[in-house]
Amino acid sequence: MATEWIQTSCGMCYVGCGVRVQMEDGIALGIEGDPNHPQNRGNMCAKGKAGLMNLYNPYRVKAPLKRTNPEKGLHVDPGWQEISWAEALDTVGSKLQAIRDNPKQLYIQGWEITGDSHLWLHAFASAFGTPHYSSNGSPTCGKVIHPVEFFAAGGFHQQPDLHYCNYCILVGTQFAIAARASFNHILRDMADARARGMKLVVVDPIGGFAGSKADQWVPIRPGTDTAFALSMLHVLLNELGIYDAEFLKHKSNAPYLVGPKGLYARDPASGKPMVFDAADQKTKVYDDPTLKDPAIIGASEAGRPSFELLKEHVAKYSPEKTEEITTIPAATLRQIAKEFGAAASIGATTVIDGVELPYRPACVDWAKGPQGHKHGFHQCWPLKLLNIVMGAVSVPGGILSTGAAGKKPFQWFPEGGTDGLLEKGGNILPLPHPKAFPGRTPTKPVRNDLAEIFPLAPHFHTLLPLTAEDHERYGLDYGLEVMLHTPTNSLLGSFGDLKVVERFYRSIPFIAGFAVEINETNLFDDIILPFPSYLERFDFNAGTSSRQLGPCGQDDWFWQVRQPVVELAPGLRHPQEVIMELARRVGILDDFYRLINHTFRLKEPYALQPGRRYGATEVIDRTARCWFGEEHDLKWFQEHGVIRYEKDVEEAYIGPFLQARLPIYLEHFLQRGAELKEVIGQMGLDWDFSDYTPLSEWLPCPSYDAVKKGEYEFIAVHYKLPYVYGSFGNDNPLINELCERNPYAYGVLVNADVAKAKGFADGEEVWLESPVRKVKVKLKLTQCIHPEVVGIAGHFGHWSPGMPIARGKGVNFNSLLPTDLEHIDKISTALDHCVEVRLYK
Amino acid sequence: MANLTFKEPMQQANTVRVRVRFMGDLRAVVESRDLNVSLPQGSSVGDLLGALAGRYGDPFAKWLFTESGELHHYILIFVNGENIQDTGGVSTGLAGQEDQVEVIMLPMFEGG
Ligand code: SF4
C-alpha cells in the first residue's frame, strides 16, 4: 500500500502549525509536525495529534439541516430534517433579502480563526451594510491586549523575547507553557530560556502548568493585578529609583506637561503638548527641533511632567497596603521588583547583525487573566507600564509586539499620529485594528452592541444580550432579525449567564449557522450549513501565526496555505463558496469582491472582477500569486507548504526605529470620558465613569466585595489546559481521554487545607453555587491554588446530543458569570471573569 | 435612492455628479445604500465628506472624523474603484462625468 505524506496546516486551534499527514488509499492515518516549518519546527501538541478524530467524527454534519420545531431553548430538540443545499441557500438568502433595506438587523458572529471564514464574513458584513460583525470569540480574551498593544507597542499581541530575556514575569497567563499563539514555537524557546537561566516568576491565583515550571509562583487574589502592578511601579520608581530616563524623555509622553485639570498644557498656537527643556530652561512643544533634555520630574509654570504625576500616583500603593488587597507579602513584592529592576539592565546595549540596540532582558507579560474583570482595562494597563518605564518594549530581552512590522511581501510598520504618540499600529492586511488611542467620539447608539458608548473598546458583542432584554432603555428602535454564525460555539463560549444568553438567542427570529458537529449554539439554528474539517479545506489564512501572531524576534516570517488531505465529503462545500453564493443571492457580490480585493491587497491582474464567478481555489491561487509572485501559485504551496523570509533587525526589534512616543499617561481617557458623560446624560442611563482616568486606580470587582462582606467564601476563576482548545475540544475522544485521566481537568480545584477545614475530601461531589447558577462538581484538592480561589478549567459542560463524548463532563465556567452592565468593563467591554461562589454538600 | 444637491441648484456644466455608496457600519446611520450628489466642479473627496457630514449630522460625522477632524483609520474610500490612500487622500479630485464614490466603514479585526 503506497504511503503518501501531504503537507498542510493544523486547524485544531488558531495557531496553525505546519503538519504532514500520512495518507494511504485516500485515508488519513497519522499527523506529524513538519520539521521544516518555522512555526512549530516539527513540534505538535496533543490537540493537533488528535485531529484525525475530528475528521472522522461520525457525528459530523454532512448535509444542510432545517429545524422543524419552531420552539427554541437550551434543551429543546430542534427536530432536524435533512434538506438540499438549494433549499438551505434559498431560505438563508430570502431571510437576508428581507432585511436588505435595513441591513443593520443582521448579526454575524464571525469568529472562526483557523481559516478564511472570519475575513470573508468580515467582507460580507461590510458589503451587506451591517455594523454587527464580531470576530471575537471570548467575552474577555483580546479585549484589552489588542487595543493596548496597538497604541503602546505597535502590533497585535505581546510576546516576551525569550531569546534574550533573563527575568520574565507572567501575570494571569501560561505563556509558552500551556497557552498562547505560536504555541509549539515558543514552548521550545521557553524551555531553552529556562535552561540558560532565565528566571520565571508566575503571578497567578492558580499554580498550574506555568506555576509548576516557574522559579517562583506568587499566588494573587483574583482581580487585584492593578494593585500589584502599581505597587511594583512604586517600588521601582520611588523606592529604588530604577527607570529608563532616556527612553522616557525621548520616546514616551513622560515629559508632556500636565495642567491642573489633568489635560496637557498645550502650545496656544499649534495645540501641541508642551514639555520643559532642562537644557535651556524653556518650555517648548514636544517636537521642537531644539529640544535636548525634556524634564520628566519637577514642575514648571505650565504644568508638571506626566511622569512626575505617575510617580506621585503610584506612591499610594505601598507594598504593605497592596498586600491587604492582593495577599502578596510586601517582602515578596519588593524582592520581585528589585530583581526585575536589576535584570532590566537600564542603559545596557547589545549589537545584533551590526546594529547597536538597547538591551533590556526583563519583562512582564499578561494575557487573559487580568483582562477578565470589571475594571479589566486598568487591571492590564499598569502591567504594560512596567515594561514601558523600563524601556523594555520592542528591544532585545524585553516585551515584543507580534505582527507589528514587516518588509516582505509588503512593507508595514507602526506610525505616530495624534500628539506625537504611537497611533497607527502595523498590520500586514489593510484592515482597521482595535486601538484605544485616541478613541472615537461617543454618540447616542445606533448599534445593538452599544459600540458608540464604549469609545475606547475594540469589541462589543458582550453587550448584545443586554440590549436584547430592553432595546428602549438604550434608545434603540430595532432588534436583530437575522444571525449568521461560524461553527464556533458562541452560546457557550462568548457570553456568561445561560439564562440571559438563551433569551438573547431566542430573541433573534432567524439563525443560520455553520456546523462541524451540532454544538449548543447550533441548537438555536433554523438552518445548519455543514462546515468542512480543516483537513478538507483550502485556506489562504491558515491560522493566525503568519498574519498577526507569529514568533517574535529574528525567527523567519512565513506564510502557509492550507490544502485538503482528503476529498471534500459529499454534501459539503467550501465555506468561501457558500459565502460568495449568499453574496450573489442578495445582490452584493461585486461589493463583496471589492472588499476582498482590499482585504487581501489584490491588485490587477489578480483582483476579483465584477460580474465574474470564482471558486475558492481560484481566489486563493490569485492571492498567492499576487503576494508572492507568479511562480508561487497555489500549486507551489501545495508542493512546498510554506514560504519563509528572514527578518532583519528593524523588523525584529522595532523599538529604536519607531518614529513615535509611547504613552505612560492617558490624557485622552479624560476627554472621551467627558464626551461620554454628555451622551449618557442625554440617554438617562446610570453609568460608571470611574475608569476614565489617565492613571490607573485599583477598583474591586463585585466578587472581591462579596467575599469581603462574607456573602460568599470563594472567587472562581478559569484557567486553560494545553490540550483543550475552544468549546469543541473535548468532544474528541483522545482529548476527552486526556481530560479523564487528569483529575484536574474535569474536576474543580480547591485549596487542600481550606477544603479539609470544611470537611471536603479529594474527589468528593459538592454543590458549587454562583449568583446565577448552581452545579454539582467534583473537587480536586491541591496546594497549588490561592486559598480563596476555586479553579475551573477548559471549555466543558456540554449538553448537546451532537457532542456525545463531551456531554455531561466538566463545568462550563462562563455559565456561572452574572451578565449585566455591573459586570462589564466600561472601557473594554470585557465581562468580569471572577465570580463569587460557595461550595457545599 | 436619495438625491442631494448643495446650495443653489447648479448648472449641469458647473457640477460633478457623484454616486455615493455606503457600505459597512455607515449604512446603519445613513439608512440608505446609495445617494446621488451634485457638487461644484473641482470638488474633492474632502468636500464631499464635508457635505455628507452636514447632511447627516451626528452620529455620521463623528463616525467619520476624529475630534481633530481627521478621517478615522477604519474609514475606507474608493473613487471609481481606486483607494484614495493611493491617490492623494481626501484631496483626491472628483472630476469624472459620473464619479462613483464608495464610503466604507470597516469593522475592526478584533481577535481574542
Ligand atoms: S498548537 Fe494548535 S495548530 Fe499547533 S499542533 Fe496544537 S492544535 Fe495544532
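Residues numbered from 1 in each chain as written. Chains lettered and ligands numbered in written order. Predicted model: local features only at pLDDT ≥ 70, side-chain atom pairs only at ≥ 80, totals over all residues. Heavy atoms only, no water.

(A) Structural context of the confidence of the model for chain B. All names here are of chain B. Residue-level pLDDT values for chain B average 81, and 84% of them are 70 or greater. For chain B, strand β1 (residues 2–5) is the element with the lowest average pLDDT, namely 54, and helix α2 (residues 45–56) is the one with the highest, namely 91. Predicted confidence is poor over residues 6–11, with pLDDT under 50, and the contacts of this stretch with residues over four places away or in other chains come to eight contacts. As scored by the predictor, the complex reaches a pTM of 0.96 and an ipTM of 0.88. (pLDDT = per-residue confidence, 0-100. Helix = DSSP H or I, 4+ residues; strand = E, 2+ residues; numbered from the N terminus. Contact = heavy atoms within 4.5 Å.)

(B) Inspection of the pairing of strand β13 (residues 274–277) of chain A at higher detail. All names here are of chain A. Residues Met274 and Phe276 of β13 are buried on one face, and the alternating residues Val275 and Asp277, pointing to the opposite face, are buried as well. Sheet topology places β13 next to strand β14 (residues 282–285); four bridges connect them, and they run antiparallel. Across the sheet, residue Asp277 finds its bridge partner in β14, namely Lys282. (Buried < 20%, exposed > 50% of the residue type's maximum accessible area, 1.4 Å probe, protein only. Pairing = 2+ DSSP bridges.)

(C) Spatial organisation of the site of the ligand. Residue and element names in this part refer to chain A. Cys10, Met12, Cys13, Val15, Gly16, Cys17, Cys45, Lys47, Gly48, Phe183 and Asn184 make up every residue found near the ligand. Sorting the residues of the shell around the ligand by element identifies α1 (46–49) and α6 (183–195) as the ones contributing at least two each. Of the residues assigned to the shell around the ligand, the class counts are seven nonpolar, three polar and one charged. (Near = heavy atom within 4 Å. Nonpolar A, V, L, I, M, F, W, Y, C, P; charged D, E, K, R; others polar.)

(D) Spotlight on the sheet that holds strand β18 (residues 362–366) of chain A. Residues and elements named next belong to chain A. Ordered by their spatial adjacency, four strands build an open sheet running β11-β10-β9-β18, and the pairing between neighbours is parallel. Pairing within the sheet leaves two strands with one partner each, and these edge strands are β11 (216–218) and β18. The mean inter-strand angle of the sheet, taken between neighbouring strand axes irrespective of direction, is 15°. Here strand β9 (residues 167–171) runs beside strand β10 (residues 199–203); their pairing, made up of five bridges, is parallel. (Axes fitted to C-alpha atoms, helices over the stretch in contact; angles between N-to-C directions.)

(E) Spotlight on the sheet that holds strand β23 (residues 510–515) of chain A. All names here are of chain A. Pairing within the open sheet is mixed, and its seven strands lie in the order β5-β4-β24-β23-β22-β6-β7. Across the chains shown, the open sheet's two edge strands, defined by having one partner strand only, are β5 (80–82) and β7 (133–134). Relative to strand β22 (residues 482–485), strand β6 (residues 106–109) is paired through four bridges, and the arrangement is parallel. The residue bridging Ile108 from the neighbouring strand is Leu484, located in β22.

(F) View of the pattern of salt bridges. All names here are of chain A. Under the counting rule described, the total for this entry stands at 57 salt bridges over all chains. We note a salt bridge from Glu239 to Arg334, for which the minimum N-O separation is 2.8 Å. Separated by 95 residues along the polypeptide, Glu239 in helix α8 (residues 225–239) and Arg334 in helix α12 (residues 330–343) bring together distant segments of the chain. On the basis of relative accessibility, which here comes to 27%, the residue Arg334 falls in the partly exposed class. (Salt bridge = Lys/Arg side-chain N within 4 Å of Asp/Glu carboxyl O.)

(G) Region of interest: the packing of helix α11 (residues 319–326) of chain A against α12(A). All names here are of chain A. Running from amino to carboxyl end, α11 crosses α12 at an angle of 115°, the nearest separation of the two axes being 8 Å. Between α11 and α12, the angle is such that the two are roughly perpendicular. Note that α11 runs across α12; the crossing there is right-handed. Within the contact between the two elements, α11 uses Pro319, Glu320, Thr322 and Glu323 and α12 uses Ala330, Leu333 and Arg334. For the contact of α11 with α12, the class distribution of residues is three nonpolar, one polar and three charged. (Parallel < 35°, antiparallel > 145°, perpendicular 65-115°, else oblique. Left-handed = near helix turned anticlockwise from the far one by under 90°.)

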